[in-house]
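Structural overview
Below, each chain spelled out in residue letters.
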Amino acid sequence: SITGSTQPDTLRQQIDFDDQTGHWARFLWCILPLTQNSFPRHASNINIHELLLGIYRQIKEFPAVTYTLSQEAINTYADWYDLLESRKYNETRQGLRAVYSKAKNDTGVIALLLHILNAAIEGRQPNRTIDNETIKSAISITKF
């Protein structure tokens, strides 16, 4: 955690929404909702190190290719893009305008990461076309 798990209200006091330097727009913000969790008495013991190492090794073997969006995914992304542009245009604070601008690119990066990770987890080569479900998931993550 870059912020050292700084409490949301403390961090909010530090944010400069006029952000002339674009500093705050570079962060992908996430505030998890408060949930009550029971101790995982019957949880499986998973070696996350080995799991991730296997996924990373598989990704390393993927060929370098150019990925594109399916036509349906393009249409979904276009609606998202237009919404972000509208929010950027109507926002008066420079910092939040920058956030909306960067969110368009962040969504694409997240979609590509999901596409590659899902293929690796399923033990297959990724398709060269990113489907609509993946771009919708990327948009949901960006919204979150």
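Note: the structure precedes this text.
Given the structure is predicted, the values throughout are model-derived calculations rather than measurements.

Broken down by element type, the protein chain carries 5 helices and 2 strands. For the protein chain, the α and β elements follow one another from N to C terminus as α-α-β-α-α-β-α. Here the C-alpha atoms of the protein chain give a radius of gyration of 19 Å, more than 25% beyond the 15 Å that 2.2 N^0.38 yields for 144 residues. Out of the 144 residues in the protein chain, the part that is buried amounts to 24%. Carbon and sulfur atoms make up 53% of the accessible area of the protein chain, which totals about 10900 Å². Looking at charge distribution, the protein chain has the averaged site of its 15 positive side-chain charges lying 2 Å from that of its 15 negative ones.

Looking now at the side chain of His115. Within the secondary structure layout, His115 lies in helix H4 (residues 94-121). For His115, a relative accessible area of 6% corresponds to the buried category. With sequence-adjacent residues up to four places away left out, His115 is seen in contact with Tyr67, Pro126, Asn127, Thr129, Ile130 and Thr134.

This part covers the packing of H4 against helix H5 (residues 132-143). Relative orientation of the contacting elements H4 and H5 amounts to 125 degrees, with a least axis distance of 8 Å. As the angle between them shows, H4 and H5 are arranged oblique. Remark: the crossing between H4 and H5 carries right-handed chirality. Along its contact with H4, which presents Ala103, Asp106, Thr107, Ile110, Ala111, Leu114 and His115, the element H5 presents Thr134, Ile135, Ser137, Ala138, Ile139, Ile141 and Thr142. Residue classes in the contact of H4 with H5 are distributed as 8 nonpolar, 5 polar and 1 charged.

A side chain of one charge can pair with a side chain of the opposite charge if their charged atoms are brought near each other. Per the counting criterion, the structure on display carries 5 salt bridges. For Glu85, the salt bridge is made with Lys104, and the minimal N-O distance between the two is 2.3 Å. Of this pair, Glu85 sits in helix H3 (residues 71-90) while Lys104 sits in helix H4; the two residues are 19 residues apart in sequence, bridging distant segments of the chain. A salt bridge links Arg124 to Glu122; the shortest N-O distance between them is 2.6 Å. Within the structure, one salt-bridge network assembled from shared partners comprises Glu85, Lys88 and Lys104.

About the criteria used
Residues numbered from 1 in each chain as written. Predicted model: local features only at pLDDT ≥ 70, side-chain atom pairs only at ≥ 80, totals over all residues. Heavy atoms only, no water. Helix = DSSP H or I, 4+ residues; strand = E, 2+ residues; numbered from the N terminus. Rg over C-alpha atoms; globule rule 2.2 N^0.38 Å. Buried < 20%, exposed > 50% of the residue type's maximum accessible area, 1.4 Å probe, protein only. Areas by Shrake-Rupley, 256 points an atom, 1.4 Å probe, with all protein chains shown as cover. Lys, Arg positive; Asp, Glu negative; His and termini not counted. Charge placed at Lys NZ, Arg CZ, Asp CG, Glu CD. Contact = heavy atoms within 4.5 Å. Axes fitted to C-alpha atoms, helices over the stretch in contact; angles between N-to-C directions. Parallel < 35°, antiparallel > 145°, perpendicular 65-115°, else oblique. Left-handed = near helix turned anticlockwise from the far one by under 90°. Nonpolar A, V, L, I, M, F, W, Y, C, P; charged D, E, K, R; others polar. Salt bridge = Lys/Arg side-chain N within 4 Å of Asp/Glu carboxyl O.

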